[in-house]
Every structure is written in structure tokens, then in C-alpha cells.
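What follows is the residue order along each chain.
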Amino acid sequence: MNIDEIIEWLLKGDVSIQYQTYRDLLNEERKELKERIAHEGWGKQFLSCRGSNGHWGQSFYQPKWTSTHYTLLDLKNLCIANCKPIRQTIKMILNEEKGADGGINPSRTIGNSDVCINGMALNYCCYFGADEADLQSIVDFVLSQWMADGGFNCRSNRSGARHSSLHTTLSVLEGIWEYEQNGYTYRLQDLRHAAKVSKEFILLHKLYKSDKTGEIIDKKMLAITYPPRWRYDILRALDYFQMAGEPYDKRMQDAIEVIVSKRNEDGTWNQQARHPGQVHFQMETAGKSSRWNTLRALKVLRHFGMEK
């Protein structure tokens, strides 16, 4: 397929894919499509799984992928328009799920909050317009976990990790970006500085390699899947860099070449794998052409001037 045929194929997908294709590939803001996301397709399915107690799954963080936490992340990534049920759940989380350190902490037995969870929570809470006063303790907690090597690691305050994690760093970066995009100002300069250095941490590793040996840190980082959940992969990282408007950096090149090599002959990209665990429903099938991955890969190649 040529690029016009690929876009036509994308526009036959879920309304959330249609909306983002128009917005990100065709430079058209279709507000009517965004409004439809809550009322049809994947958006409607996710919303229909919300319980009478305001949670998805059993609770805020259980079971893993059908919990409130990960469902809100899924809904945010659909670009669903803000709606009353989601706002109510966000308010409930911010009132009920904070730990003594000010971070969101679903555990009743572990005293220290997890900064990776808080990066993701900041991401969707900001997108859905949470009150800034409710976010201040989360911002304070996140910044308290910034590490000397430039990034973040969810184990730094739990088991004494001394080196930042790509997984955690990217989740926090996504949260900081959403915070700034939605006009929040509390400690914004501190967050901007942390983000600048954290981006350098990822680039230092060429997105997936040891900065000391050049070896691949984890081959799973090369498998592109959607939804990524908390897991880091190179397409998610490149998508963040294009979303944040970062210019091309030669340290991205190896990762870009890996993405290009995964393209099918018809110009699409597959859903390579699934993260195991219970889900509300399957958006796409592993091993088959993926609209999510094709859309994201095309955005990346276009932004960095490598679209053919």
C-alpha cells in the first residue's frame, strides 16, 4: 500500500484511530470524532466496564490491566473527551489513594509510593483536568525521586536502586509533558529541568543500549506492542520524543532503523506481542497488522523526516 492507502486503512479503524490519524497525519482537528470516542467502539467498551463504586476491575490497581489505573491510562491514550464519570473517579483516586509521602500508593503494606505509578497517574490526571491542588503532593513526590544519573527508578526508594530505569523514566516524562500541556504551573520549572535531563538519560542509552557496553539492555524493548502498559519499548520512546517536539538526535538513529526494519511489505506494522494478563477486551491481535503501531510509527518517521 502507498501512504494514501495506508491512511485510508487507518481511517477504517476505531473512531479513536480515526481522530488521531486526522490530527497527527493529516493535520486536521476533527472535534466531532473526539466527541464520538465515548459513545462508540473501544471508548464505549472501556466506559461500560466501570463499576458502580467508580472503579474498573476490583480496585484502583487490581487486577493489573483491568484496574482503574490502567483503564484510565487506556482511555487517556484513546484521546477520549473528558466526561463526568472519569472526573468522578479521578477525584476519588486523589482523595483516597495517596500515601504518607504524598504519592499515589495503592499498597496497604508498602509505605513508599512507586514513582512509575505516579508518572502514569500524573499523565492521566492532568489530561482529565484534575485540580492542581490535588496534584501538588504528587509533583513533590516525583521530584523527590529524581536520581543523580538523570532519570527515575521505581525501586530507588524501595530496594535502593542506584541506576535509573528506562521504564520508569519514560512514564515520568509522559506525565510531566501532560502536566505542562494542560497549563499546570506548580513547580513547573523544576519539572522542566528534570525532564530535560531525563531525556538526555534516554538518549545516552541510544534508547535501548547500555551506555557502558553498547549491548542491548533487554530485547523486549525492541518488541513494539500496544498498549505498552508500564513497559518501555523503542516505539513508545520515539513517540514520546515526537510528541514532545524534540528534534532529531543521531543517538535515535539505531532505534529508528529497528522500527523501519519491522515494517511489513504492505507498509503497515504488526502488533508484535501482548503483555500477559487479564484485559477488558482485545483491541488488536498479536501477529497481525496493527493500526496503533502503524499510526505511531508513521508519526515518528514523519516527525524525524524519515518518511518515504
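Residues numbered from 1 in each chain as written. Predicted model: local features only at pLDDT ≥ 70, side-chain atom pairs only at ≥ 80, totals over all residues. Heavy atoms only, no water.

### Observations regarding the environment of Ile-90
Within the secondary structure layout, Ile-90 lies in helix H6 (residues 84-96). Owing to a relative accessible area of 3%, Ile-90 belongs among the buried residues under this scheme. It is 19 Å that separates the C-alpha atoms of Ile-90 and Ile-37, two residues lying 53 residues apart in sequence. (Helix = DSSP H or I, 4+ residues; strand = E, 2+ residues; numbered from the N terminus. Buried < 20%, exposed > 50% of the residue type's maximum accessible area, 1.4 Å probe, protein only.)

### Concerning helix H9 (residues 166-181)
For H9, built from 16 residues, the straight-helix expectation of 22 Å at 1.5 Å per residue is met to within 8% by its first-to-last C-alpha distance of 22 Å. By the N-cap criterion, in which a side-chain oxygen at the helix start approaches the backbone nitrogen of a residue two or three places on, H9 is capped by Ser-165, the distance to His-167 being 3.1 Å. Looking one or two places after H9, you find Gly-183, whose phi comes out positive at around 85 degrees. (Expected span 1.5 Å × (residues − 1). Polar contact = N/O pair within 3.5 Å; in protein donor to acceptor, adjacent residues only side chain to side chain.)

### Here's the deal with the packing of aromatic side chains
According to the stated counting rule, one finds nine aromatic pairs in the structure shown. Pairing Tyr-179 with Tyr-184 gives two aromatic rings, centres 5.2 Å apart and planes at 25 degrees, and the pair type is stacked. Summarising the aromatic geometry, the rings of Tyr-226 and Trp-292 are spaced 4.2 Å apart at their centres and angled 25 degrees between planes, so their arrangement reads as stacked. Here Trp-292 lies in helix H13 (residues 291-303) and Tyr-226 lies in the loop between helix H10 (188-204) and helix H11 (234-243), a separation of 66 residues in the sequence. (Phe/Tyr/Trp six-rings, centres within 6.5 Å; stacked < 30°, edge-to-face > 60°.)

### Notes on the packing of helix H2 (residues 15-24) against H13
For the pair H2 and H13, interaxial distance at closest approach is 11 Å and the crossing angle is 10 degrees. Between H2 and H13, the crossing angle belongs to the class labelled roughly parallel. Residues Ser-16, Ile-17, Gln-20, Thr-21 and Asp-24 of H2 form the contact with H13, whose participating residues are Arg-291, Trp-292, Leu-295 and Lys-299. (Axes fitted to C-alpha atoms, helices over the stretch in contact; angles between N-to-C directions. Parallel < 35°, antiparallel > 145°, perpendicular 65-115°, else oblique. Contact = heavy atoms within 4.5 Å.)

Keep in mind that these numbers describe shape and distance, not what the molecule does.
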